[in-house]
Amino acid sequence: MKKVKRLLAVLFVFTMLLSMTACGTKESEKEDSTSSNSADSDFKVGVIHIGDPADGAGYSYTHDQGIVAMQQELGLSDEQIIRKNNVADSDAAATRAAIEECIEEGCKLIFGTSWGYMDTMEELANEYPDVMFSHGTGYKSNGTNFNNYFGRIYQARYLTGIAAGLKTKTNKVGYVAAMGSENSEVTGGLDAFAMGVESVNPDAKVYVKVTNSWYDPTLEQQAAEALLDLGCDVLGQHCDTTAPQLAAQNRGVWGCGYNSDMTKDAPEAHLTAAVWNWGVYYTMTTKAVMEGNWNCENYFGGMADGLVDISPLSDNCAEGTQEAIDEVKAKIVDGSFQVFEGELQDNQGNIVCKDGEVLDDATITGGINWYYRNVVVQ
Amino acid sequence: MIIKFLFAAIKAGVPLLFGTTGEILSEKVGNLNLGVEGMMFMGAFCGFAVGYYTDNVFLAILASAGAGMLGALLYAVLTVTLRANQNVTGLTLTIFGSGFASFFGELLIKNSVDGTPKLSSDFVAGLAEKSIPVLGKIPVVGKLFFSHNPIVYLAVFIAVICGVYIKYTKSGLNMRAVGENPATADAAGINVSLVKYIHIIISGGICGIGGAYLSIINGGGVWNNSCVNGQGWIAVALVIFAGWSPFKAILGSFVFGGFTVLQFYIPKSTVNLPNAFYVMLPFLVTIFVLVVNSMQKSKKHAQPASCGENYYREER
């Protein structure tokens, strides 16, 4: 037994030595090929994911695609990106531990991709003044080393609403929402989707089911089935998995996905998805931080910046969808059309935005707690 | 709408039924296996992967059962032969199983077309909901009981077989004796370790099929690294609700399934309760059942006496 152990120990030492030399050569090769500036090749970026980018679709995957795009654009090596996956955003201690690990490994810029990391990142920004913190989907900032970034995904949702409104035959469109009306991000997106539906199909209603979870494949599937049981024949979604699209496909009806192009997951059902191109922001910010000229302002990009878009329309779309969407999209990009422009009425009959007025960004990110007039909460 | 709700409840209850039936078998021989979630994860992955590569439904189900059995075998070696603490071993098995599914799931994703491992449409169609001829035509009953996918019937079939086996056969009596008092069973000439091994491994196989149900049918044919997502834990709670009887587990799992989908079928316009209430409901009912059972003072629906304790022959 002792001999075996000794042999094993020797083997371990050898493998470690081998792997060390292997890493060494790789790094030196990369340095030669990418950049001569040693400060740049030491620069490390930390990324905190709520899920697992390897899922191949959905929220974390989309963020990670943005990181990969930034990495390629700026020529960073794999060793310069430190990822922490499956970090629960409801667990402040786990969030702190993950970020501190990144800092210990030498990260000078940290992206936190989920809402619940915000307060922890704000605290850490004060403790580590020489590390830059950029937090996604929130609203706080400190002007020196902590900001928030987000985008006008509601613009893309409005366009997917057009595709859904043109496709529905039962005039019942379903929507699987992660959070209830108290969450402005989800509710505003749903309202924009519902407005898109109404703009082409005034008779259609949008039915909502709330899962109370950003990521839960089982609940999302069950919520989707409940909507299909109500007679919905197009499903929109604001949740992280492809479950609603797959549920629609199994019943032979249609859906509009979110985050990434879900046509590859549900080719017979998917129309078009509201998608993020996070790479736009990650590249811009990382470059600015590396060059030392980051302004640390909150960022709220839209379709004109290329941060949000819709995925290419699939063959499942109704005829004329492309034209209808292109027309509105052009107006959104040149600024002549605002999604949240009055007069807007909620489903209780109240006027929530007066004629001629446009909701400001603070209201859009934090103050939409009403459902648009064609939304039915079931 | 009520029929649609009940139908959805049955669908949501099936993975729980597999997990519960399996866990009952394990607890009846005195081994509290908290690794249900892990075994389901292993079954979920292996069932999916075999289905993906062979396109054969039968092989996929067999593989999922095999993977669950493998997980259970690990547990059995550790707790029965090496007498490790059952709770700790079970928890470790859960962590191992979820890691197993994510690790190999990632490989599967990397090796698939456009990063989406997807079962062929023939495969999915083979497991689609089908109405049984004649019986499926009966109003209400036909929709509720005879229009499901084949795995639903398999779940009920396995539960009934286990129930009959535990209650009415001689080897069922032997296994119950092992769970209640292994020393007595040993004295009566029953091979305690062998009985434990056999039942723990079969229990793992049943849990594994439950995992395959989640990854293949609930997942809609596309692999998801976290497809089991806590269902195994609900199954452990359900064992208590079912009073360690597979027959009651059938009813119990459909009731629990009903609770999980209830929030989506009660119109918010008529009853507006916070979602958290619905999430809490199954566990609230479990507590209620526990209280009622303890008031009855009957040993019939109690946990097997030696459950959770390892058997040392030398300490008799």
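Residues numbered from 1 in each chain as written. Chains lettered and ligands numbered in written order. Predicted model: local features only at pLDDT ≥ 70, side-chain atom pairs only at ≥ 80, totals over all residues.

## Structural notes on the overall build of chain A
Line of reasoning, step 1. Along the backbone of chain A there are twelve helices and 16 strands.
Line of reasoning, step 2. Here chain A holds 378 residues, and 51% of them are scored as buried.
Line of reasoning, step 3. In chain A, once contacts between residues fewer than 6 apart in sequence are set aside, the share between residues at least 24 apart is 66%. (Helix = DSSP H or I, 4+ residues; strand = E, 2+ residues; numbered from the N terminus. Buried ≥ 20, exposed ≤ 12 C-beta atoms within 10 Å, placed from the backbone. Contact = placed C-beta atoms within 7 Å.)

## Thoughts on the overall build of chain B
Line of reasoning, step 1. Regarding its fold elements, chain B presents 13 helices and zero strands.
Line of reasoning, step 2. Moving toward the C terminus, one meets the helices and strands of chain B in the order α-α-α-α-α-α-α-α-α-α-α-α-α.
Line of reasoning, step 3. By the compact-globule yardstick of 20 Å for 316 residues, chain B fits well, its C-alpha radius of gyration being 20 Å.
Line of reasoning, step 4. Considering only C-alpha atoms, chain B reaches an extent of 55 × 50 × 40 Å along its principal axes.
Line of reasoning, step 5. A burial count over chain B gives 48% of its 316 residues as buried.
Line of reasoning, step 6. Once local pairs closer than 6 in sequence are excluded, the contacts in chain B between residues at least 24 apart make up 78%. (Rg over C-alpha atoms; globule rule 2.2 N^0.38 Å.)

## Some details on the environment of B:V195
Residues and elements named next belong to chain B.
Line of reasoning, step 1. Locating V195 in the fold gives a position in helix α10 (residues 192-218).
Line of reasoning, step 2. The exposure class of V195 is buried, given the 22 C-beta atoms found within 10 Å.
Line of reasoning, step 3. When the C-alpha atoms of V195 and I61 are compared, they prove to be 25 Å apart, with 134 residues separating the residues in sequence.
Line of reasoning, step 4. Aside from chain neighbours lying at most four places away, what touches V195 is V29, N174, M175, V178 and I190.

## Re the environment of A:D355
Residue and element names in this part refer to chain A.
Line of reasoning, step 1. Along the polypeptide, D355 turns up in the loop between β15 (351-353) and α12 (361-366).
Line of reasoning, step 2. Using a count of 9 C-beta atoms within 10 Å as the deciding quantity, one classes D355 as exposed.
Line of reasoning, step 3. The spacing of D355 and E343 is twelve residues in sequence and 4.1 Å in space, taken between C-alpha atoms.
Line of reasoning, step 4. Discounting residues that sit within four places of it in the chain, D355 has contacts with G342 and E343.

## Some points on the pairing of strand β5 (residues 146-151) of chain A
Residues and elements named next belong to chain A.
Line of reasoning, step 1. Counting buried positions along β5 yields six of six residues, so the element is predominantly enclosed.
Line of reasoning, step 2. Residues F146, N148 and F150 of β5 are buried on one face, and the alternating residues N147, Y149 and G151, pointing to the opposite face, are buried as well.
Line of reasoning, step 3. One ladder, built from four bridges, connects strand β4 (residues 132-136) with β5; its direction is parallel. Directly across from F133, in β5, lies its bridge partner F146. (Pairing = 2+ DSSP bridges.)

## Details of the interface of chain A and chain B
Line of reasoning, step 1. At the junction of the two partners, chain A supplies 28 residues and chain B supplies 28 residues.
Line of reasoning, step 2. Sorting the residues of the side of chain A that touches chain B by element identifies β7 (205-210), α8 (217-229) and α9 (243-250) of chain A as the ones contributing at least two each.
Line of reasoning, step 3. Residues belonging to the side of chain A that touches chain B are distributed by class as follows: ten nonpolar, ten polar and eight charged. (Nonpolar A, V, L, I, M, F, W, Y, C, P; charged D, E, K, R; others polar.)

## Examining the UniProt feature "transmembrane region" (unreviewed entry) in chain B
All names here are of chain B.
Line of reasoning, step 1. UniProt records the feature "transmembrane region" (unreviewed entry) for residues 32-52, 58-78, 90-109, 151-168, 197-216, 222-242, 249-266 and 272-292 in the present numbering.
Line of reasoning, step 2. Strand forms 0% of residues 151-168 and helix 100%; the C-alpha atoms that close the span are 25 Å apart.
Line of reasoning, step 3. From the first C-alpha to the last, residues 197-216 spans 29 Å; its make-up is 100% helix and 0% strand. (UniProt positions renumbered as here; feature names shortened; annotations may be inferred.)

## Comments concerning the domain arrangement of chain A
Residue and element names in this part refer to chain A.
Line of reasoning, step 1. Structurally, chain A comprises domain 1 (42-151 + 278-304) and domain 2 (153-273 + 311-377).
Line of reasoning, step 2. The centre of domain 1, based on its C-alpha atoms, is set 28 Å off from the matching centre of domain 2.
Line of reasoning, step 3. On the side of domain 2, 17 residues touch domain 1, which itself brings 14 residues to the contact.
Line of reasoning, step 4. Among the secondary structure elements, those contributing two or more residues to the side of domain 1 that touches domain 2 are α3 (59-74) and β5.
Line of reasoning, step 5. Of the residues in the side of domain 1 that touches domain 2, the class split is eight nonpolar, six polar and no charged. (Domains from an automatic or database assignment.)

## Some thoughts on the packing of helix α8 (residues 170-180) of chain B against α10(B)
Residue and element names in this part refer to chain B.
Line of reasoning, step 1. Where α8 meets α10, the closest approach of the two axes is 10 Å, and the angle between their N-to-C directions is 105°. Between α8 and α10, the interaxial angle falls into the category roughly perpendicular. Facing N174, M175 and V178 of α8, the residues of α10 in contact are V192, V195, K196 and H199.
Line of reasoning, step 2. Residues of the contact of α8 with α10, tallied by class, amount to four nonpolar, two polar and one charged. (Axes fitted to C-alpha atoms, helices over the stretch in contact; angles between N-to-C directions. Parallel < 35°, antiparallel > 145°, perpendicular 65-115°, else oblique.)

## As for the pairing of strand β6 (residues 172-177) of chain A
All names here are of chain A.
Line of reasoning, step 1. Of all six residues making up β6, five are buried, and the element is well covered by its neighbours.
Line of reasoning, step 2. Following the backbone out of β6, through helix α7 (residues 184-200) and into the adjacent parallel β7, one traces a crossover that is right-handed.
Line of reasoning, step 3. The pairing of β6 with strand β8 (residues 234-238) spans five bridges and is parallel. If you follow V176 over to β8, its bridge partner there is Q237. (Right-handed = clockwise from strand over helix to strand, strands pointing away.)

## Some words on the nonpolar core
Line of reasoning, step 1. One finds A:I110, A:A177, A:A224, A:A248, B:A44, B:F45 and B:L238 to be the most contacted residues of the largest nonpolar core, which totals 191 residues.
Line of reasoning, step 2. Counting residues domain by domain, this core receives three or more from each of domain 1 (42-151 + 278-304) and domain 2 (153-273 + 311-377) of chain A.
Line of reasoning, step 3. Excluding anything up to four places from it in sequence, A:A224 contacts A:V176, A:L235, A:A243, A:P244, A:A247 and A:A248. (Core = buried A, V, L, I, M, F, W, Y, C linked by C-beta atoms within 7 Å.)

## Thoughts on the sheet that holds strand β2 (residues 81-84) of chain A
Residues and elements named next belong to chain A.
Line of reasoning, step 1. Taken in spatial order, the six strands line up as β2-β1-β3-β4-β5-β12 in an open sheet, and their pairing is parallel. Looking at which strands have only one partner, the edges of the open sheet turn out to be β2 and β12 (299-301). Here the strands of the sheet are splayed against their neighbours by 20° on average, with no regard to which way each runs.
Line of reasoning, step 2. With four bridges joining them, strand β1 (residues 44-48) and β2 adopt parallel strand pairing. When the sheet's bridge partners are listed, G46 is paired in β2 with I82.

## Some words on α10(B)
All names here are of chain B.
Line of reasoning, step 1. For α10, with 27 residues, the first-to-last C-alpha span of 38 Å sits near the 39 Å given by 1.5 Å per residue.
Line of reasoning, step 2. In terms of burial, α10 is a largely internal element, 21 of the 27 residues being buried.
Line of reasoning, step 3. Once α10 finishes, G220 follows within two positions and takes phi at roughly 70°, a positive value. (Expected span 1.5 Å × (residues − 1).)

## What about the environment of B:R176?
All names here are of chain B.
Line of reasoning, step 1. Mapped onto the elements, R176 comes out in helix α8.
Line of reasoning, step 2. Given 19 C-beta atoms within 10 Å, R176 falls into the partly exposed group.
Line of reasoning, step 3. Discounting chain neighbours no more than four positions away, the residues touching R176 are K28 and I166.

## Some thoughts on the confidence of the model for chain B
When pLDDT drops low, the exact placement of atoms in the prediction is not to be read closely.
Line of reasoning, step 1. Across chain B, the average pLDDT comes to 91, with 99% of residues at or above 70.
Line of reasoning, step 2. Prediction confidence for the complex, expressed as pTM and ipTM, is 0.83 and 0.84 respectively. (pLDDT = per-residue confidence, 0-100.)

## Points about the sheet that holds β8(A)
Residues and elements named next belong to chain A.
Line of reasoning, step 1. Read across the sheet, five strands follow the order β9-β8-β6-β7-β16 without closing on themselves; strand pairing throughout is parallel. Both outer strands of the open sheet, β9 (254-256) and β16 (375-377), are each paired with one neighbouring strand and no more. Across the sheet, the axes of successive neighbouring strands diverge by a mean angle of 30°, strand direction being ignored.
Line of reasoning, step 2. With three bridges joining them, β7 and β16 adopt parallel strand pairing. Its bridge partner being in β16, V206 is matched across the sheet by V375.

## Section: unusual backbone geometry
Line of reasoning, step 1. Residues A:G342 and A:E343 are joined by a peptide bond in cis, for which omega reads 5°.
Line of reasoning, step 2. With respect to the secondary-structure elements, A:E343 resides in the loop between α11 (321-334) and β14 (344-345).
Line of reasoning, step 3. One non-glycine residue, B:N229, lies in positive phi territory at about 50°.
Line of reasoning, step 4. Structurally, the position occupied by B:N229 is in the loop between α10 and α11 (231-241).
Line of reasoning, step 5. The class for B:N229 is buried, based on 21 C-beta atoms found within 10 Å.

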